[in-house]
Amino acid sequence: MMKAVLTYISSRTFPISLFLLVTGLTFSAFSQTAPNTVITNTAKARFQYKTFPKDSVNSNTIQFTVLDAPNFEMSVSNPDSFVFGKETVTVHIVYKNIGNAPADTANIEGILPPAGMRFVPGSTSGSISGGTVSWKIFNVPSGKTDSVKVKAVIDSTLLVNAELNFDATLSWQVSSVTASKIFVVSSFPRLSLVLVPSFSVVGSGRIVSYTLGVFNTGNIPSQNTVLFDSISALGSFVKANVTPDSLSTDKHLLKWNLGSIPAFSSKQIVVDVVSAPNIGGQQLINSARTFSTNVTDGDKASVVTNIVHIRPRTISLSADPGYIWGQLN
């Protein structure tokens, strides 16, 4: 990122109306820009005092030259910003070479806060030393995005609302970039949903089973947990190992009231669905979502099963009656 600074100085002692037309004061030179390209920038101001004629003034012209060199951007990511004591979190450090040239080498460091988190040994390809983990990366082409990761455990003695700051630095040649992620300690349920079909392909008119798993990976129970399962028009509900609490008349929408799911526990339901007969080259889509009164956003999942033509299960031939009189032709 490159910036130009505009300075406006007025020699007038009376108020004026001022309009600034500025182009290119803040912009990025992307990797598609050829090395050694010269980018120029000029500002123009138009102004007027009362009914006097409008006037204008131009700034000097400045220029930037696009370097033939690597350049990086970086972020620290994790699906959740809220954590609880004893939880193990996986921290991803994502980087991209946004420069015009490959980087021969670069160094990445992840730094824990002074207290409250500890690295899990053997959870990373990097080198762990106390509260710092480091990686050395090689031959990063222009435009390449990649990541490194490490696991860390949250201290069980932390108070609710404590903040843990994970810092990361990526350095190459004489440059560096930084990023950080703040984890907030809390106590909560966390719902996740898994939807797995018994087959990736089903014959027309045949049955495919779906296993729906609702997991509470949080540290307190979920309350009034609900699971919805929606089957597309090319499939119909047949049966489930847990009877739905409600079923739409077209057998496409099912609902279960799962109640409370304890911390670190799960509930599973297996649903049988029959695909429409005499079709092929179509898709059967199953979509599910779950939530509770204390996990309002919940989770959702969807899976596509391809429907194919199949030959009949069996075919047989019999004579009726089993005997005849007369001459056979």
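Structure: above.
What this report covers is the structure whose coordinates are included nearby. Since we're looking at a predicted model, the values are computed, not measured. The numbering scheme is per chain: residues are counted from 1 as the chain's sequence reads. Local features are withheld for residues below a pLDDT of 70 in this predicted model, meaning they are given only at 70 or higher, and side-chain atom pairs are given and counted only at 80 or more; totals for whole chains, interfaces and linings count all residues. Derived side-chain values reflect all non-hydrogen atoms in the structure, with water molecules and hydrogen atoms excluded from consideration.

Digging into the environment of S59
For step 1, the next point in the chain: Each helix corresponds to a stretch of at least 4 residues labelled H or I by DSSP, and each strand to a stretch of at least 2 residues labelled E; elements are numbered beginning at the N terminus. Tracing the backbone shows S59 in the loop between β6 (55-58) and β7 (62-65).
For step 2, the next point in the chain: Looking at S59, the relative accessible area reads 27%, which means it is partly exposed.
For step 3, the next point in the chain: Along the primary structure S59 and A45 are separated by 14 residues, whereas in three dimensions their C-alpha atoms are 8.2 Å apart.
For step 4, the next point in the chain: Beyond its immediate sequence surroundings of up to four residues, S59 is in contact with T42 and A43. The classification of residues rests on relative accessible area computed with a 1.4 Å probe and restricted to protein chains. Under 20% of the type maximum is buried, over 50% is exposed, and intermediate values are partly exposed. Contacts were defined at the residue level, with two residues in contact if any of their heavy atoms lie within 4.5 Å.

Some remarks on the nonpolar core
For step 1, the next point in the chain: Throughout this description, the term nonpolar core refers to a set of buried Ala, Val, Leu, Ile, Met, Phe, Trp, Tyr and Cys residues connected via side-chain atoms within 4.5 Å. Core analysis: the largest hydrophobic core is formed by 31 residues, its most contacted members being F72, I93, Y95, I108, M117, F166 and L170.
For step 2, the next point in the chain: Listing elements by their share of this core, those giving two or more residues are β8 (72-77), β10 (88-97), β11 (103-111), β12 (117-119), β14 (132-140), β15 (145-154), β16 (163-172) and β17 (175-185).
For step 3, the next point in the chain: No other element matches β16, which puts 5 residues into this core.
For step 4, the next point in the chain: In contact with L170, other than residues within four places in its own chain, are F72, M74, Y95, A106, N107, I108, S175, S176 and V177.
For step 5, the next point in the chain: W256, V271, I279 and V303 belong to the second-largest nonpolar core, a separate cluster that totals 26 residues.

Focus on a nonpolar patch on the surface
For step 1, the next point in the chain: A patch consists of residues exposed above 30% relative accessible area that lack any salt bridge, with like charges linked at up to 9 Å and nonpolar side chains (Val, Leu, Ile, Met, Phe, Trp, Tyr) linked at up to 5 Å. Using a 1.4 Å probe, the Shrake-Rupley method yields the accessible areas, and only the shown protein chains count as cover for residues. The term salt bridge refers to a pairing of a side-chain nitrogen on Lys or Arg with a carboxyl oxygen on Asp or Glu at a separation within 4 Å. A surface patch of nonpolar side chains, about 200 Å² in accessible area, is lined by V201, V308 and I310.
For step 2, the next point in the chain: Along the chain, the position of V201 falls in strand β19 (residues 201-203).

Observations concerning unusual backbone geometry
For step 1, the next point in the chain: The phi dihedral of N139 is positive, around 50°, even though this residue is not glycine.
For step 2, the next point in the chain: The class for N139 is exposed, based on a relative accessible area of 56%.
For step 3, the next point in the chain: The phi torsion at F264 lies on the positive side, around 60°, for a residue other than glycine.

Remarks on the sheet that holds β12
For step 1, the next point in the chain: We call two strands paired when DSSP finds no fewer than two bridges between them. One open sheet holds the 4 strands; their spatial order is β8-β10-β15-β12, and the pairing between them is antiparallel. The open sheet has two edge strands, β8 and β12, and neither has a second partner. Put simply, the sheet's adjacent strands are angled 30° from each other on average, direction ignored.
For step 2, the next point in the chain: Where β12 and β15 come together, 3 bridges link them in antiparallel fashion. Across the sheet, the residue bridging to M117 is I154, located in β15. To define axes, lines are fitted to C-alpha atoms, for helices over the stretch in contact only, and angles between the resulting N-to-C directions are given on a 0 to 180 degree scale.

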